[in-house]
Amino acid sequence: MLRIIATTALAFSLLSLGSAQAGDRPILEIVWPTAGSVIELGDDSEKAIGVVVRSNYKLLPAGECGDVSQCGHLHMKIDPAGDSCNIPGKPYNSMNSDFGGDLIKARFGHCPDAASKHVIGVLLADDYHQPILVDGKPVTAVVTVTTK
């Protein structure tokens, strides 16, 4: 069975890193998994699944946006109200800044209870890992899922 790999991060802890301003109103939504999905995790240590997003921003690796103003990448947090699912020593669970695109890895293996109800949060970040802001708020998307 083919498994899509990806994940999300929210601004709750990332805003302390600073922020960037966007010219046009960016759109970010989680396409998969859908809200309320029940997802079976693999046996690997990361227990990773793919999270797919849709955005009107060009999603490229960090540092490759150049003169493209609506460009960035994704940061992801699982259960973004806290830090329990973050990669140890990092303020996030995953980023796609190395490869860009609409896919990000959610690593449930970092959570104290991988098989549980979780919120996946994705943040749109600029070329320098700063949150894209609209009306002073970071552009994010969230979905609640149950993993087993």
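None of these values were measured; they are calculated from a predicted model. (Residues numbered from 1 in each chain as written. Predicted model: local features only at pLDDT ≥ 70, side-chain atom pairs only at ≥ 80, totals over all residues. Heavy atoms only, no water.)

1. Section: the overall build of the protein chain
Stated formally: By the criteria applied, helices consist of DSSP H or I runs no shorter than four residues and strands consist of E runs no shorter than two, each listed in order from the N terminus. When accessible area is computed with a 1.4 Å probe and restricted to protein chains, residues below 20% of their type maximum are described as buried, those above 50% as exposed, and intermediate ones as partly exposed. Residue contacts are counted whenever heavy atoms from the two residues lie within 4.5 Å of one another. Computed by Shrake-Rupley with a 1.4 Å probe, the accessible areas treat only the displayed protein chains as cover when residues are assessed.
Looking only at helices and strands, the protein chain features one helix and 12 strands. Counting over 148 residues, the protein chain shows a buried share of 47%. Of the contacts made within the protein chain by residues no fewer than 6 positions apart, 73% connect residues no fewer than 24 positions apart. As displayed, the protein chain has an accessible area near 7,300 Å², and 52% of this comes from carbon and sulfur atoms.

2. Overview of the state of the cysteines
The criterion, for reference: Cysteine sulfurs are considered disulfide-paired once they come within 2.5 Å of each other.
Overall, the coordinates contain two disulfides when judged by the stated rule. The disulfide that involves C65 links it to C71, with 2.0 Å between the sulfurs. Across the disulfide from C65 to C71, rotation about the S-S bond amounts to roughly -75 degrees, and the bridge is consequently left-handed. Here C85 is linked by a disulfide to C111, with a sulfur-sulfur distance of 2.1 Å. With the S-S bond torsion at 125 degrees, the cross-link from C85 to C111 turns out right-handed. Pair noted here: C85 is in the loop between β6 (71-78) and β7 (94-95) and C111 is in the loop between β8 (103-107) and β9 (117-125), with a separation of 26 residues, a long-range link. With a relative accessible area of 1%, C85 lands in the buried category. In the protein chain, numbering the disulfide-bonded cysteines from first to last in sequence yields the connectivity 1-2, 3-4.

3. What to know about the environment of P138
Counting through the fold element by element, P138 comes out in strand β11 (residues 137-138). The exposure class assigned to P138 is partly exposed, which follows from its relative accessible area of 23%. For the pair P138 and L123, spaced 15 residues apart in sequence, the C-alpha to C-alpha distance is 7.1 Å.

4. What about the confidence of the model for the protein chain?
Selection rule: Confidence of the prediction at every residue is given by pLDDT, a number between 0 and 100.
On average, the protein chain scores 86 in pLDDT, and the residues at 70 or more come to 84%. Ignoring residues within four places in sequence, the model shows residues 1-23, a span with pLDDT below 50, making 94 contacts including any to other chains.

5. Considerations on the pattern of salt bridges
We count it as follows: In the sections that follow, a salt bridge refers to a side-chain nitrogen of Lys or Arg positioned within 4 Å of a carboxyl oxygen of Asp or Glu.
Counted by the stated rule, this structure contains five salt bridges. R25 is paired through a salt bridge with D135; the nearest N and O atoms lie 3.4 Å apart. One end of the pair, R25, is in the loop between β1 (20-21) and β2 (28-32); the other, D135, is in the loop between β10 (132-134) and β11, and 110 residues separate them in sequence. Taken individually, R25 and D135 each receive the classification exposed, so the pair is uniform in this respect. The residue K105 makes a salt bridge to E46 at a minimum N-O spacing of 2.8 Å. Linking K105 in strand β8 with E46 in the loop between β3 (38-39) and β4 (48-55), this pair joins segments that are 59 residues apart in sequence. Residue classification places K105 among the partly exposed residues on the basis of a relative accessible area of 21%. E46 gets classed as partly exposed once you look at its relative accessible area, which sits at 26%.

6. Looking at the sheet that holds β2
Hydrogen bonds between backbone atoms are what pair the strands of a sheet, whose relative direction is either parallel or antiparallel. Heads up, the rule is: Pairing between strands is defined by DSSP: at least two bridges between the two strands are required. Where helices are involved, their axes are fitted lines through C-alpha atoms of the stretch in contact, as for all axes, and angles between N-to-C directions lie from 0 to 180°.
Strands sit in the order β2-β4-β8 across an open sheet of three strands; the sheet is antiparallel. Edge positions in the sheet fall to β2 and β8, since each of these pairs with one other strand and no more. With strand direction ignored, the average angle separating the axes of adjacent strands in the sheet is 40 degrees.

7. Considerations on the nonpolar core
Going by this rule: Each nonpolar core is a collection of buried residues, namely Ala, Val, Leu, Ile, Met, Phe, Trp, Tyr and Cys, held together in the definition by side-chain atoms within 4.5 Å.
Grouped together as the largest cluster of nonpolar side chains are 27 residues, with contacts concentrated most on F108 and I120. Those elements that provide at least two residues to this core are β2, β4, β6, β8, β9, β10 and β12 (140-147).

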